Amino acid sequence: MAGSKNHVGRLDFILRILVATALAVEWNRVLPLKELVNPYLFSSRWDVFIHIAGYPFVAILVLSAISGRLLDAKLPILYIFPITFIWIFSTVTFMFGLHYWPFGLALFVFLLIMGGILPIKPAPVRIGFGDNSA
């Protein structure tokens, strides 16, 4: 991890994305996102709050994994936008059971492979106290 807790390695990235995707899909199975269109179907207002609060939690997990992996590979952070779009598209195809779910699954596998292939560029190791005044 090169002395920084913000960096995410290859295996850590893959595991974090898999866990976040499993959480999002399972959250949708328990409380379907399709029902969010009509909040009056819920038995109480707490169900609506719990339903809406779950997806941002999962998104924070995904964004932290993606940004940490980009920091570890020393790539520009602007790559977070297309990577996040790929993750959202692939997850939505799982959740809604759309007829093009194989395409979403292929994009998800592509995301995992590309995150695992990105090189690890550790920060240089500094020996001593770091005083360069001499």
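Residues numbered from 1 in each chain as written. Predicted model: local features only at pLDDT ≥ 70, side-chain atom pairs only at ≥ 80, totals over all residues. Heavy atoms only, no water.

### What about the overall build of the protein?
Then comes step 1: If you tally the helices and strands in the protein, you get 4 helices and 0 strands.
Then comes step 2: A buried classification covers 30% of the 134 residues belonging to the protein.
Then comes step 3: Pairs at least 24 apart in sequence give 66% of the contacts found in the protein among residues at least 6 apart.
Then comes step 4: About 9000 Å² of surface is accessible on the protein, with carbon and sulfur atoms providing 73% of the total. (Helix = DSSP H or I, 4+ residues; strand = E, 2+ residues; numbered from the N terminus. Buried < 20%, exposed > 50% of the residue type's maximum accessible area, 1.4 Å probe, protein only. Contact = heavy atoms within 4.5 Å. Areas by Shrake-Rupley, 256 points an atom, 1.4 Å probe, with all protein chains shown as cover.)

### Focus: the packing of helix H1 (residues 10-30) against helix H4 (residues 101-117)
Then comes step 1: Between H1 and H4, the least distance of the axes is 8 Å, while the angle of their chain directions is 155°. Overall, the two elements H1 and H4 adopt an arrangement that is roughly antiparallel. The handedness of the crossing between H1 and H4 is right-handed. Of the residues in H4, those touching H1 at Arg 10, Phe 13, Ile 14, Ile 17, Leu 18 and Thr 21 are Phe 108, Leu 111, Leu 112, Gly 115, Gly 116 and Ile 117. (Axes fitted to C-alpha atoms, helices over the stretch in contact; angles between N-to-C directions. Parallel < 35°, antiparallel > 145°, perpendicular 65-115°, else oblique. Left-handed = near helix turned anticlockwise from the far one by under 90°.)

### Some remarks on unusual backbone geometry
Then comes step 1: Phi angles above zero are rare outside glycine, and Lys 74 is one such case at about 55°.
Then comes step 2: Secondary-structure assignment places Lys 74 in the loop between helix H2 (45-72) and helix H3 (80-96).
Then comes step 3: For Lys 74, a relative accessible area of 46% gives the class partly exposed.

### Side note on the side chain of Ser 90
Then comes step 1: In this fold, Ser 90 is placed in helix H3.
Then comes step 2: Judged by relative accessible area, which is 0%, Ser 90 ranks as buried.

### Thoughts on the pattern of salt bridges
Then comes step 1: All told, the structure shown has 2 salt bridges when counted by the stated rule.
Then comes step 2: Between Arg 69 and Asp 72 there is a salt bridge whose closest N-O contact spans 2.8 Å. With a gap of 3 residues between them, Arg 69 and Asp 72 both fall in helix H2, about one helical turn apart.
Then comes step 3: Given the relative accessible area of 1%, Arg 69 is considered buried. (Salt bridge = Lys/Arg side-chain N within 4 Å of Asp/Glu carboxyl O.)

### Looking at the packing of H1 against H3
Then comes step 1: Relative to each other, H1 and H3 sit at 40°, their axes nearing to 10 Å. As for how H1 packs across H3, the hand of that crossing is right-handed. Contacts between H1 and H3 involve Ile 17, Ala 20, Thr 21, Ala 24, Val 25 and Asn 28 from the former and Trp 87, Thr 91, Phe 94 and Met 95 from the latter.
Then comes step 2: Residues that form the contact of H1 with H3 fall into these classes: 7 nonpolar, 3 polar and no charged. (Nonpolar A, V, L, I, M, F, W, Y, C, P; charged D, E, K, R; others polar.)

### Side note on H4
Then comes step 1: Its 17 residues place the ends of H4 24 Å apart at the C-alpha level, agreeing with the 24 Å of an ideal helix rising 1.5 Å per residue.
Then comes step 2: The complete set of buried residues in H4 reads Gly 104, Leu 107, Phe 108, Leu 111, Leu 112, Gly 115 and Gly 116. (Expected span 1.5 Å × (residues − 1).)

### Some thoughts on the nonpolar core
Then comes step 1: Formed by 20 residues in total, the largest nonpolar core has its most connected members in Phe 13, Ile 17, Val 62, Ile 66, Trp 87 and Leu 111.
Then comes step 2: Looking at this core, the elements with two or more residues in it are H1, H2, H3 and H4.
Then comes step 3: For this core, the element with the most residues is H2, which contributes 6 residues.
Then comes step 4: Contacts of Phe 13, omitting those with residues within four sequence positions, involve Val 8, Ala 65, Ile 66, Arg 69, Leu 111 and Gly 115. (Core = buried A, V, L, I, M, F, W, Y, C linked by side-chain atoms within 4.5 Å.)

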